[in-house]
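# Residue-level structural notes
Now for the letters of each chain:
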Amino acid sequence: KLQEQLIITVLGASGDLAKKLVYPALWDAYRFDSLPEDTRILGYARSKLSHEDLVERFKPQLKVNGDDDEKKRDSFLESLDYIHGQYDEAKSFKKLNEHIESMSQAKTVNRMFYIALPPSVYKDVTEQLSNHCQAKSGFTRVVVEKPFGKDLESYQDLNAHMSNLFAEDQIYRIDHYLGKEMVQNLLALRFANRVFEPSWNRHHVACVMLTMKEDFGTQGRGGYFDEFGIIRDVMQNHLLQMLTLCAMEKPVSTGPDDIRDEKTKVLRCIKPLKIEDTVLGQFVGNPEGESEESRKGYTDEEDVPNDSNTPTFATAVFHIENDRWEGVPFIIRCGKALNEKKAELRVQFRSVPADIFGNSTRNELVLRVQPDEAIYLKVLVKEPGASSEVAQTDLDLSYKCRFGEQRIPSAYERLIVSAIKGNSANFVRSDELEQAWRIFTPILHDIDAGKVKPKTYKFGSRGPSEADDLVKKHNFSYAAYE
Ligand code: BG6
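The name given to the protein in an unreviewed UniProt entry is Glucose-6-phosphate 1-dehydrogenase, and the organism recorded there is Monosiga brevicollis. Per its UniProt entry, the protein bears the Pathway (unreviewed entry) comment "Carbohydrate degradation; pentose phosphate pathway; D-ribulose 5-phosphate from D-glucose 6-phosphate (oxidative stage): step 1/3."

Encoded structure:
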């Protein structure tokens, strides 16, 4: 008999998230030997799918590199199990439990449930899992995906429900940006180096800007997106998480709770976002656009009402009221249907006092999350040769140059493996989320009530020009930019 086994159940196995992200991440974890040896994967959803259906669905999504990988992929696909059932019926979950028991062959059988389902069924599913599917020996963990509510109140309601069913250390709330290499790097960069810390404060930093741009629309997710909008989709979570890691104090250790204590603390110092500190936008089609997609506006997308008030773009300025940051604007810009796809963090330092070179271009530290992970520091050096002018150049750490072709696991793979190991440092704790909702709830209610109207911007542009004006007003200098 085996000593220990892990059974991962993916709920919503027939859905898009499972197909595009969860199963490919499980496959990568399997092919690079990051899953515990005796791991079984079970899919669960309402549709009746045969084993052939599963293979047909997942195979094209699983990347391979060479013949050995292909053989490995075949055995991975072969080992996948699946059963169908309802999301709100005790009978179905009892059946799921029996199925898991029939797969169990070890003294200790750990169970991980990955809930890849829309919010409308969260409550039912978690209740059924808690009642019928907890492990008899070994751990039971649930991995949940955003959205975690729509505002502070609905989050508190969901959280009260979840915490009645599971202990906090059984719940792994995914924010996949916390699984990205460069986001994880923020802590190392800040706290493993001596050079940055002394200037990482209001005395030396002029402003901080976080950007997440996408060059596509809602890609068939119009119905979901219209209910949530860009603030709930990426700003309240992915970007706020990056801001928090950039602004928090040094944690006592790298332990999950020490990190999350500091994150929560800095969030508590942020005042709720005000309308005057934001510019919202909604994209319209660009008649000159090259692709068919770019000629369509947001309200032309499927499942989006013609009079939708939902922002697809937002720029917002946050004020952190503590000793380190008072007076330093933290600016977040994000949006769909923009001119490029990129995510980055820029820390702009103040110009040197009493400049003797006549060039007050600021130093800027850039952490590029994607594409092409990189960290570079913009500095001024003397121009080579006879000139005595100074010119801007980069101290550049591009990951590809420094670390060659070393594989960077996907955010999902990394987070799933962390959850299996029980490391929750890169998952969102309930009190952090409560703070995140507190910051955004007033403005979200104003948007929902139609009190704020998004400005229009063309598909493929940089967003509404008012956003640039806001950014400039808050001390961001484009001179340091490329
Ligand atoms: C998701 C959002 O959380 O993140 C999407 O719901 C967005 O709208 C996606 O496109 C971006 O993730 P990534 O990893 O591609 O930057």
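After that view, the rundown keeps rolling.
Below, the discussion takes up the overall build of the protein. Within the protein, the regular secondary structure consists of 14 helices and 15 strands. Relative to a compact globule of 482 residues, whose C-alpha radius of gyration would be 23 Å, the protein shows 24 Å and is just as compact. C-alpha atoms of the protein, sized along the principal axes, occupy 75 × 50 × 45 Å. Counting across all 482 residues of the protein, residues that qualify as buried make up 53%. Nonlocal contacts in the protein, meaning residues at least 24 apart in sequence, comprise 77% of its contacts between residues at least 6 apart. Accessible surface for the protein amounts to roughly 21,800 Å². Of this, 47% is attributable to carbon and sulfur atoms.

Once that is clear, we can look at the site of the ligand. Around the ligand there are 13 residues in total, and Tyr177, Lys180, Glu214, Asp233 and Gln370 lie nearest to it. Here an oxygen atom of the ligand sits 2.6 Å away from a polar atom, N or O, in the side chain of Lys180. With respect to the ligand, the side chain of Asp233 contributes an N or O atom lying 2.6 Å from an oxygen atom. Protein contacts shield 80% of the accessible area of the ligand, which totals 400 Å² for the unbound molecule. Its residues assigned to classes, the shell around the ligand comprises three nonpolar, three polar and seven charged.

Right, let's talk about the pattern of salt bridges for a bit. Taken as a whole and assessed by the stated rule, the structure comprises 31 salt bridges. Ionic pairing is found between Asp257 and Arg429, a salt bridge with its closest N-O pair at 2.8 Å. With Asp257 in helix H9 (residues 256–268) and Arg429 in the loop between helix H12 (411–421) and helix H13 (430–448), the pair connects residues that are 172 residues apart, well separated along the chain. Residue classification places Asp257 among the partly exposed residues on the basis of a relative accessible area of 41%. Taking relative accessible area as the criterion, Arg429 reaches 10% and is therefore assigned buried. Here Lys263 ties to Glu432 by a salt bridge, and the two come within 3.1 Å at their closest N and O atoms. Taken together, the residues Lys263 in helix H9 and Glu432 in helix H13 connect sequence positions 169 residues apart. Counted as one network, the salt bridges with shared partners bring together Lys213, Glu340, Lys342, Glu344, Arg346 and Glu364.

Attention now goes to the layout of surface pockets. In this structure, the second largest pocket encloses a volume near 380 Å³. In terms of lining, the second largest pocket is formed by 20 residues, of which the most central are Phe349, Arg350, Val352, Arg362 and Asn363. Broken down by element, the lining of the second largest pocket gets its largest block of residues, three residues, from strand S13 (residues 374–382). Of the residues that constitute the lining of the second largest pocket, the class distribution is ten nonpolar, seven polar and three charged.

The next thing to look at is the sheet that holds S13. The strands making up a sheet associate through hydrogen bonds between their backbones, and the pairing can be parallel or antiparallel. With mixed pairing, the nine strands of this open sheet are ordered in space as S14-S13-S12-S11-S7-S10-S9-S8-S15. The two strands at the open ends of the sheet, each matched to only one other strand, are strand S14 (390–398) and strand S15 (455–458). Within this sheet the neighbouring strands show an average axis-to-axis angle of 20 degrees, counted without direction. Here six bridges tie strand S7 (residues 205–213) to strand S10 (residues 329–335), and the two strands are oriented parallel to one another. Looking at the pairing, Met212 lines up with Cys334 of S10. Along the sheet, helix H14 (residues 465–473) contacts S7, strand S8 (278–284), strand S9 (313–319), S10 and S15; its crossing angle with S9, the most-contacted strand, is approximately 15 degrees.

Moving on, we come to the side chain of Thr218. When you line up the elements, Thr218 lands in the loop between S7 and helix H8 (222–247). With residues up to four places along the chain from it excluded, the contact list for Thr218 reads Phe225, Tyr298 and Glu301.

Turning our eyes to something else, we now look at the packing of helix H6 (residues 152–165) against H13. In the contact formed by H6 and H13, the axes pass within 9 Å of each other and the chain directions differ by 160 degrees. When the axes of H6 and H13 are compared, the pair comes out roughly antiparallel. Of the two possible hands of crossing, H6 and H13 adopt the one that is right-handed. Every residue of H13 that contacts H6 at Leu152, Tyr155, Gln156 and Asn159 is listed here: Ser430, Leu433, Glu434, Trp437, Arg438 and Thr441. Split into classes, the residues belonging to the contact of H6 with H13 amount to four nonpolar, four polar and two charged.

The six strands are arranged S3-S2-S1-S4-S5-S6 in an open sheet whose pairing can be described as parallel. Since the sheet does not close on itself, it has two edges, and those belong to strand S3 (81–84) and strand S6 (171–174), each with one partner. With direction set aside, neighbouring strand axes in the sheet form an average angle of 20 degrees. When strand S4 (residues 106–115) meets strand S5 (residues 140–145), the two strands line up parallel, connected through five bridges. Note on S5: the bridge partner recorded for Ile115 is Val144. The strands touched by helix H1 (residues 16–31) within the sheet are strand S1 (2–11), strand S2 (39–45), S4 and S5, with S1 carrying the most contacts at an inclination of about 160 degrees. Sheet contacts for helix H4 (residues 90–103): S1, S2, S3 and S4; angle to S2, the most-contacted strand, approximately 160 degrees.

Time to look at the pairing of S9. Counting buried residues along S9, six of its seven residues qualify, which places the element largely inside the surrounding structure. Sheet topology note: the S8/S9 ladder contains four bridges and is antiparallel. For Leu280, the partnering residue across the bridge sits in S9 and is Ala314.

Time to look at H1. Helix length check: H1 (16 residues) gives 22 Å between terminal C-alpha atoms against 22 Å at 1.5 Å per residue, within 8%. Buried within H1 we find Ala18, Val22, Tyr23, Pro24, Ala25, Leu26, Trp27, Asp28, Ala29 and Arg31. Directly beyond the C-terminal end of H1, a positive phi value near 55 degrees is found at Asp33.

Thresholds applied
Residues numbered from 1 in each chain as written. Predicted model: local features only at pLDDT ≥ 70, side-chain atom pairs only at ≥ 80, totals over all residues. Heavy atoms only, no water. UniProt positions renumbered as here; feature names shortened; annotations may be inferred. Helix = DSSP H or I, 4+ residues; strand = E, 2+ residues; numbered from the N terminus. Rg over C-alpha atoms; globule rule 2.2 N^0.38 Å. Buried < 20%, exposed > 50% of the residue type's maximum accessible area, 1.4 Å probe, protein only. Contact = heavy atoms within 4.5 Å. Areas by Shrake-Rupley, 256 points an atom, 1.4 Å probe, with all protein chains shown as cover. Near = heavy atom within 4 Å. Polar contact = N/O pair within 3.5 Å; in protein donor to acceptor, adjacent residues only side chain to side chain. Nonpolar A, V, L, I, M, F, W, Y, C, P; charged D, E, K, R; others polar. Salt bridge = Lys/Arg side-chain N within 4 Å of Asp/Glu carboxyl O. 1 Å grid on protein atoms, 1.4 Å probe; cavity = no way out; pocket = protein on both sides within 12 Å on 5 of 7 lines; lining within 4 Å. Points joined across faces, edges and corners; volume = space filled by probe spheres on them. Pairing = 2+ DSSP bridges. Axes fitted to C-alpha atoms, helices over the stretch in contact; angles between N-to-C directions. Parallel < 35°, antiparallel > 145°, perpendicular 65-115°, else oblique. Left-handed = near helix turned anticlockwise from the far one by under 90°. Expected span 1.5 Å × (residues − 1).

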